Amino acid sequence: MIWAILIFLGIPLWFCAIGILMLYRNNSSLRKRPGNVPVRVKPPGKTRWIPGHAVWVHDVLAFRASPAAWKELLVWVTGAVARETTTEEAKKLHRLGDDKVVAVLSSAGMGTIEIAARAEHRDALLGPYADTETRRAEQMRGATSLPTPAAGSRARPD
């Protein structure tokens, strides 16, 4: 039906084909960027996950939605924490595989934003905050283990 309307309006079909080809090439070039991560983003106050691709530029996450790239999002991130997905989230996150991870990003002006990706992209998902997340996990493991006294030493009350 849409094709008939376009022909009626005098728009040649080859012009439409060129537009579709340009859109396809644009999205293809997005997937080949260095540091690109295929993600799903849930903006604050929304319930729906938006598919797209993200890349980190210093402490700014740049996101472009797929397939038409009409939605773009730049987030100045001040902190990031990764967690496993809940069963409810796992139902809504399609085409990410079985192992998924969600990163909660603290933003300077927008509150928190959740982004999800495959577990293999965990470090790329956290970007510059991957090292702090690793240190935090090590500290948590160290905090749960109790220090053991040296062998043969006793604590004497004074």
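The structure we're discussing is the one just above.
Read on for a plain summary of the structure.

Reading the values: rules and limits
Residues numbered from 1 in each chain as written. Predicted model: local features only at pLDDT ≥ 70, side-chain atom pairs only at ≥ 80, totals over all residues. Heavy atoms only, no water. Buried < 20%, exposed > 50% of the residue type's maximum accessible area, 1.4 Å probe, protein only. Helix = DSSP H or I, 4+ residues; strand = E, 2+ residues; numbered from the N terminus. Pairing = 2+ DSSP bridges. Contact = heavy atoms within 4.5 Å. 1 Å grid on protein atoms, 1.4 Å probe; cavity = no way out; pocket = protein on both sides within 12 Å on 5 of 7 lines; lining within 4 Å. Points joined across faces, edges and corners; volume = space filled by probe spheres on them. Nonpolar A, V, L, I, M, F, W, Y, C, P; charged D, E, K, R; others polar. Phe/Tyr/Trp six-rings, centres within 6.5 Å; stacked < 30°, edge-to-face > 60°. Salt bridge = Lys/Arg side-chain N within 4 Å of Asp/Glu carboxyl O.

**Some words on the pairing of strand β6 (residues 112-118)**
Of all the seven residues making up β6, five are buried; the element is thus mostly covered by neighbouring parts of the structure. One ladder, built from three bridges, connects strand β1 (residues 37-42) with β6; its direction is antiparallel. Each residue of the ladder has a partner; that of Lys42, found in β6, is Glu114. For strand β5 (residues 100-107) and β6, the ladder comprises seven bridges, and the chain directions are antiparallel.

**Re the environment of Ala62**
Tracing the backbone through its elements, the reader meets Ala62 in strand β3 (residues 60-65). Residues Ala62 and Val75 lie 13 residues apart in sequence; the distance between their C-alpha atoms is 6.7 Å. The residues touching Ala62, leaving out its near neighbours within four places in the chain, are His53, Ala54, Val55, Leu73 and Leu74.

**Comments concerning the layout of surface pockets**
One number sums up the size of the largest pocket: a volume of about 150 Å³. For the lining of the largest pocket, the per-class residue count stands at three nonpolar, four polar and three charged.

**So, the packing of aromatic side chains**
Enumeration over the complete set of coordinates arrives at one aromatic pair. Seen from their ring centres, Trp56 and Tyr129 are 6.2 Å apart, and the 65 degrees between their planes marks the pair as edge-to-face. Remark: Tyr129 occurs in the loop between α4 (122-126) and α5 (130-144) and Trp56 occurs in strand β2 (residues 50-57); sequence separation between them is 73 residues. Neither residue differs from the other here; Trp56 and Tyr129 are each classed as buried.

**A short note on the pattern of salt bridges**
According to the stated counting rule, one finds five salt bridges in the structure shown. Notably, a salt bridge pairs Glu114 with Lys42, separated by 3.4 Å at the nearest N-O pair. One end of the pair, Glu114, is in strand β6; the other, Lys42, is in strand β1, with 72 residues separating them in the sequence. One salt bridge in this structure joins Arg122 and Glu84, with 3.9 Å as the shortest N-O distance. Taken together, the residues span a long stretch of sequence, with Arg122 in helix α4 and Glu84 in strand β4 (residues 72-84) at a distance of 38 residues. Given a relative accessible area of 27%, Arg122 falls into the partly exposed group. Its relative accessible area of 54% is what places Glu84 among the exposed residues.

**Some remarks on the pairing of β1**
Summarising the sheet, β1 and β2 pair through five bridges and their orientation is antiparallel. Note on β2: the bridge partner recorded for Arg40 is Pro51.

**Some details on the environment of Thr47**
Mapped onto the fold, Thr47 is located in the loop between β1 and β2. Linking Thr47 and Lys92, residues 45 residues apart in sequence, is a C-alpha distance of 9.8 Å. If sequence neighbours within four positions are ignored, Thr47 has contacts with Lys42 and Lys92.

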